Number of protein chains: 4
Amino acid sequence: MILVMNIDSTLEEINQVNERLETMGFRNQVIQGVKKIVIGAVGDPLTSNALKELTQMPGVEKIVPIMKPFKLVSREAQNEGSVIEVGGIKIGGQELAVIAGPCAVESREQMMESALAAKNAGACMIRGGAFKPRTSPYSFQGMEEEGLKLLREASEATGLPVVTEVIDEQTLQMALDYVDMLQIGARNMQNFRLLKAVGQIDRPVLLKRGMSATIEEWLMAAEYILSEGNQKVILCERGIRTFETYTRNTLDLCAVPVVKRLSHLPVIVDPSHGTGDRQLVEPMSLAAIAAGADGLILEMHPNPAKAVSDGAQSLTPQGLNDLMGQLQTLAPVMKRIIP
Amino acid sequence: MILVMNIDSTLEEINQVNERLETMGFRNQVIQGVKKIVIGAVGDPLTSNALKELTQMPGVEKIVPIMKPFKLVSREAQNEGSVIEVGGIKIGGQELAVIAGPCAVESREQMMESALAAKNAGACMIRGGAFKPRTSPYSFQGMEEEGLKLLREASEATGLPVVTEVIDEQTLQMALDYVDMLQIGARNMQNFRLLKAVGQIDRPVLLKRGMSATIEEWLMAAEYILSEGNQKVILCERGIRTFETYTRNTLDLCAVPVVKRLSHLPVIVDPSHGTGDRQLVEPMSLAAIAAGADGLILEMHPNPAKAVSDGAQSLTPQGLNDLMGQLQTLAPVMKRIIP
Amino acid sequence: MILVMNIDSTLEEINQVNERLETMGFRNQVIQGVKKIVIGAVGDPLTSNALKELTQMPGVEKIVPIMKPFKLVSREAQNEGSVIEVGGIKIGGQELAVIAGPCAVESREQMMESALAAKNAGACMIRGGAFKPRTSPYSFQGMEEEGLKLLREASEATGLPVVTEVIDEQTLQMALDYVDMLQIGARNMQNFRLLKAVGQIDRPVLLKRGMSATIEEWLMAAEYILSEGNQKVILCERGIRTFETYTRNTLDLCAVPVVKRLSHLPVIVDPSHGTGDRQLVEPMSLAAIAAGADGLILEMHPNPAKAVSDGAQSLTPQGLNDLMGQLQTLAPVMKRIIP
Amino acid sequence: MILVMNIDSTLEEINQVNERLETMGFRNQVIQGVKKIVIGAVGDPLTSNALKELTQMPGVEKIVPIMKPFKLVSREAQNEGSVIEVGGIKIGGQELAVIAGPCAVESREQMMESALAAKNAGACMIRGGAFKPRTSPYSFQGMEEEGLKLLREASEATGLPVVTEVIDEQTLQMALDYVDMLQIGARNMQNFRLLKAVGQIDRPVLLKRGMSATIEEWLMAAEYILSEGNQKVILCERGIRTFETYTRNTLDLCAVPVVKRLSHLPVIVDPSHGTGDRQLVEPMSLAAIAAGADGLILEMHPNPAKAVSDGAQSLTPQGLNDLMGQLQTLAPVMKRIIP
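Residues numbered from 1 in each chain as written. Chains lettered and ligands numbered in written order. Predicted model: local features only at pLDDT ≥ 70, side-chain atom pairs only at ≥ 80, totals over all residues.

Describing the overall build of chain A
Right, so step 1: Each helix and strand in chain A was counted, giving 11 helices and 14 strands.
Right, so step 2: Principal-axis analysis of the C-alpha atoms places the extent of chain A at approximately 75 × 45 × 40 Å.
Right, so step 3: The buried share of chain A, taken over its 339 residues, is 58%.
Right, so step 4: Taking all contacts inside chain A whose residues are at least 6 apart in sequence as the whole, residues at least 24 apart take part in 67%. (Helix = DSSP H or I, 4+ residues; strand = E, 2+ residues; numbered from the N terminus. Buried ≥ 20, exposed ≤ 12 C-beta atoms within 10 Å, placed from the backbone. Contact = placed C-beta atoms within 7 Å.)

Structure representation (structure tokens):
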């Protein structure tokens, strides 16, 4: 940690800062230049509390932290990449995980058809929303527990594990009886109560990046889960909000190699929300795998024109089939396999 | 609603869209040009369901909605500005509301000192956080119910009503026993379960704008609360996330007159989070009032250097005093009063 | 074009708008609903002049344009993708174009070494900057005409064509004697004088996307060049500015398939500026090609540690070699070849 | 300047960095902790060249600059605020400067009417564009030299000085014969050739902030002008590009007190481009002055409905009159005067 002192800070002020640092357990050295005085302080990262206190001390201009704020999720904590098992499927190893299914569970028939289409195309897991966070209170809010039951049924019929979004502690408790992986959606990435709650259970968690979350904030959200004891976190890039409005979001594929460098956690990509446009899902899926992603989560609907939500970005079963074919060709180039 | 048809859509496709629109209760007309065919359809705003179905019909290129998606919060629903009473204080009328207090409740002494300083400076309400959403799991998370009790005590000692943030249904239930207004923080602006929960109670709600929320999404979040029955919503602009990193956020003061035009709800400004810098709070407070805001919510701490959170952006009691003096001079220019 | 009238617009106002539209050559129809009146008007896109006049007419709430504003660059104008020849190299066809070289020309030795390394690795064109737009007036501003001469020399020694950035009409005139393709940099994407100037010559132009330019604005910048007569424009995505600061820019790879859909012009990607980090260049290069890009422009320096600019994002010759090997494996998957 | 070394950097690497720093004239100290080694180096800010070399040395993880990159524009260089005289008007002192006029010069009648309306309302300077940078090549591009003549005429008829935008060296030379202040538009903020050119003449320059420019980049652009010898620079905040689309740009009023703190240059605000909406100009004008701006530049047109550009954001003469009245009331609160 580096403390930059004001150009006109007094010797007394510098001494006070030095003393305070020492009582906090830092070893520090003053570097005096012609125009600036800086204090280099070495020790454990500060509590926020202590940091603020220092920031406010007379003479202190700014503090530059040197250590990254996340620990358990970092490559420093665990150098080897984590491989996380979800209902028999491995995510983060050599295998690419393709998860497919409708945005929302709408009916037994729709869910069953989706699950079979996913299985036939070669996907390894199914998805479907039972609790839908919607911008408008007047939009369809999901089938709730009834939807979870249909997901379970579809999972059993196909043998594919299933992931669904939970939105608070109550829906989390409910979902535990039905699904193999819990999803924390983009809007809840900093719902810290929910993060702690999924941190206290033993079930894999798919953590989507918030719409305006920096990579650091995203990793800190994962840190919440790991720090409560649950190590099974898979990250999911799903596009960030920028000035560009042609696409629904701006898919930040560069986040994939960045996260791979900073963290041992697996990372997959959601090109459906990332683009909002069915025709862009295929090129961005290929690009995601080429960038090093461990898998994809794709919206697919037996009849997108009738989907209650996100129809415009849902693949048809045939579209998913075609895409899986292309991924089969791409995988060996990236030294990956599609099981 | 306008439907733009593809340049090569067939007559049959156009007829199908027309028929579907009619069964949905729209009156519509086809306008055929040399290069484009558009269908103008007039009726109630569509459910999301119906909208998606239409988007997916063969031949449809895009749909341009004409009506705004929010209803109850709109000036069309209520032309006159709402005035909301919180513990005897009126927000949204001629009076400017200045709410002040520490970021977090830290101790009885700190809270009491803050409340007295707020009262002495002329603030009309106090603030203080008992449940703190923090980016890092290793940061101070708030005093919880103990903090609520200290807020109540400080409120009774000064006669000033009190506002505090709630972060889920459990903390909401707890806070009801202690505080006059509930705050929904920026990170929870689209926590729709929480919005519905505060919509079902009879207590004023301060709804902060999300860090990357458009004005429309913010108003839709308010619509969630009103649609559940609670009409007492006060909006709070607190800065949005942009590429500029000199300030903590970019305070979007233009949102004030925009919200005033679109909605009847009161809107106040939080220049403390909006700037992240004590020295910028004064100019931005004056600017907020000049832009037409109904009030301010300010972080103030008896000893900012010792604050456990947000010390750098907290005013001192003297700083608040000085600012109140300037607001007293500014208020009559804006035809407002500080009670 | 759709005109939405105010809820309280009078019949007279509607008639005036209708009449004005007719004198402008539009065929239009009024669609009257319970809450809104819209006028659908069909004709050529309006001049900005006329559009503004209509916007200001009494009773008009807003105007929704239906036609895209670009013409010559659009797929409607030319359905087949353009293939542009630069010094014997074809860009936009089946061949992938890899352009490599240093950020800035620094010396004969550095430029010659770079060109040979590019050729050996299998790149098809070389790059190098002679006029450097720099944020600080105190930074190296380029070798100017001396640099152009070294570029020409390196081009002749290797037989590879060369591209360089021009920054105004004077440097453009100078560069014409030395280089095969002219680059318009991100900061000059809306330097309309410069766009017109390169539009009036017969030399291929590499048009980089501005740091905060929408895809539409970028295509409009290309439209400037085509509308002056020069059809040889190649687009280059190089990252946009967002709130994320971990990378230098946010590489918007989704712009590749979007531009391919909207326009017949070739599009390549610059992962060096797009990421600002040598280690991220390889994954993002592969991702760019997987997303459908027609090529790459890469910063490569014989000794990045000594580069006068952008060393941190420059590949070494060995790094370029390795990347070309991976591209050779990827190309056939994308049905492309590297010549 | 602080150099953070890799966790696994060798003693030899550290020594090499130390030696290189010393040959560069730095005094430095190594601070060794359990997890990190940092080197504090004190001296003049590095050339970009040297900085990059250091970044690339083995063992160096990152470099944290401590000094701000701008010099001549900084408060450190000149503590007292600059007051710049433009045709007898002072900008940056106690007087508030209100500049008004049409977006584009369209005709003698329009320009004369505008200038008289500006004078009658109490504005101190007139504006009008003769060279218009337009997104579309098919839009009106300005009256060019004919427009400059009309500006001069309007200036002489009213006695008010005049400002106009120049877009390259040719238009700059032309404008020198006619106008009192030269404007560099947002799109040209990093047109460094143009910045140098205006830096070499003796005429005040109004430098608009680029659409996606950070405050630091904006000040560096001003530094270009000052470093060439021209000290008469006035900064102009005009809104930045964000995800919010309700307004044309997001007016970053907080930039006003930030620039005032960092630099001695005057700063004014353009609420017309900043909002894109006539009705928002008044509240944002008042807010700008309350935030500490030294003046305003406003689009005003005798008949906005007929304006060839930016009609929607232009005030009417009556609108300007009303606004000036409100500014007269506000000015004394801010201890300013409107001359």
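Details of the relation of the copies chain A and chain C
Right, so step 1: Of the transformation placing chain A onto chain C, the axial shift is 0.0 Å and the rotation is 180°, giving an RMSD of 0.1 Å. Between the two chains, the operation in question is that of a two-fold axis. Residue Ala287(A) of chain A places its C-alpha closer to the rotation axis than any other residue of that unit, at 2.0 Å.
Right, so step 2: Most of the interface of chain A is mirrored in chain C: 100% of its interface residues are interface residues there too. (Least-squares fit on C-alpha atoms with pLDDT ≥ 70 in both.)

Digging into helix H8 (residues 255–262) of chain D
Right, so step 1: Most of H8(D) is tucked away, with 6 of its 8 residues classed as buried.
Right, so step 2: Those residues of H8(D) lying buried are Ala255(D), Val256(D), Pro257(D), Val258(D), Val259(D) and Lys260(D).
Right, so step 3: Looking at the buried side of H8(D), the elements it contacts are helix H10 (278–290) of chain B together with helix H7 (215–227), strand S12 (233–237), strand S13 (267–269) and helix H10 (278–290) of chain D.

Focus on the interface of chain A and chain C
Right, so step 1: Facing the 29 residues of chain A at the interface are 29 residues of chain C.
Right, so step 2: Contributing elements (two or more residues each) for the side of chain A that touches chain C: helix H8 (255–262), helix H10 (278–290) and helix H11 (317–333) of chain A.
Right, so step 3: When grouped by side-chain class, the residues that make up the side of chain A that touches chain C number 18 nonpolar, 9 polar and 2 charged. (Nonpolar A, V, L, I, M, F, W, Y, C, P; charged D, E, K, R; others polar.)

Some details on the domain arrangement of chain A
Right, so step 1: For chain A, the assigned domains read domain 1 (2–64) and domain 2 (84–333).
Right, so step 2: Domain 1 of chain A and domain 2 of chain A are separated by 45 Å when their C-alpha centres are compared. (Domains from an automatic or database assignment.)

With respect to the environment of Ala197(A)
Right, so step 1: Along the chain, Ala197(A) falls in helix H6 (residues 192–199).
Right, so step 2: Counting along the chain gives 27 residues from Ala197(A) to Tyr224(A), while the straight-line C-alpha distance between them is 9.7 Å.

Quick word on the packing of H11(A) against helix H11 (residues 317–333) of chain C
Right, so step 1: Between H11(A) and H11(C), the shortest axis-to-axis distance is 10 Å and the interhelical angle comes to 170°. It follows from the interaxial angle that H11(A) and H11(C) lie roughly antiparallel. Of H11(C), the residues touching H11(A) (which contributes Thr329(A), Leu330(A) and Val333(A)) are Thr329(C), Leu330(C) and Val333(C). (Axes fitted to C-alpha atoms, helices over the stretch in contact; angles between N-to-C directions. Parallel < 35°, antiparallel > 145°, perpendicular 65-115°, else oblique.)

Overview of the pairing of strand S11 (residues 205–208) of chain D
Residue and element names in this part refer to chain D.
Right, so step 1: Here S11 shows no split at all, with Val205 and Leu207 on one side and Leu206 and Lys208 on the other all buried.
Right, so step 2: In this sheet, S11 lies alongside strand S10 (residues 181–184) in parallel orientation, the contact comprising 3 bridges. By the bridge assignment, Leu182 is partnered in S11 with Val205.
Right, so step 3: You can see the chain leave S10, run along helix H6 (residues 192–199) and come back into S11, and the turn it takes is right-handed.
Right, so step 4: Note that S11 and S12 share 4 bridges and pair parallel. In the sheet register, Leu206 faces S12, and the bridge partner there is Ile234.
Right, so step 5: This β-α-β element, S11 to H7 to S12, shows right-handed connectivity. (Pairing = 2+ DSSP bridges. Right-handed = clockwise from strand over helix to strand, strands pointing away.)

A short note on the environment of Ile89(D)
Residue and element names in this part refer to chain D.
Right, so step 1: One can find Ile89 in strand S6 (residues 89–91).
Right, so step 2: A tally of 19 C-beta atoms within 10 Å means that Ile89 is categorised as partly exposed.
Right, so step 3: Residues in contact with Ile89, not counting those within four places in the same chain, are Ala97, Cys124, Met125 and Pro161.

A look at the pairing of strand S9 (residues 162–165) of chain A
All names here are of chain A.
Right, so step 1: The alternating pattern of S9 places Val162 and Thr164 on one face and Val163 and Glu165 on the opposite face, and all of these are buried.
Right, so step 2: One ladder, built from 2 bridges, connects strand S8 (residues 125–127) with S9; its direction is parallel. Directly across from Ile126, in S9, lies its bridge partner Val162.
Right, so step 3: Remark: the S8/helix H4 (residues 145–158)/S9 crossover connection has right-handed handedness.
Right, so step 4: Of the pairings in the sheet, the one linking S9 to strand S10 (residues 181–184) comprises 3 bridges and is parallel in character.

Looking at the environment of Gly210(C)
Residue and element names in this part refer to chain C.
Right, so step 1: Locating Gly210 in the fold gives a position in the loop between strand S11 (205–208) and helix H7 (215–227).
Right, so step 2: Separated by 186 residues in sequence, Gly210 and Met24 place their C-alpha atoms 35 Å apart.
Right, so step 3: Excluding residues that lie within four positions of it along the chain, Gly210 makes contacts with Ala186, Met189, Gln190 and Trp218.

Observations regarding the confidence of the model for chain A
Right, so step 1: On average, residues of chain A carry a pLDDT of 90, and 94% of them reach 70 or more.
Right, so step 2: Confidence estimates for the predicted assembly give a pTM of 0.88 and an ipTM of 0.87. (pLDDT = per-residue confidence, 0-100.)

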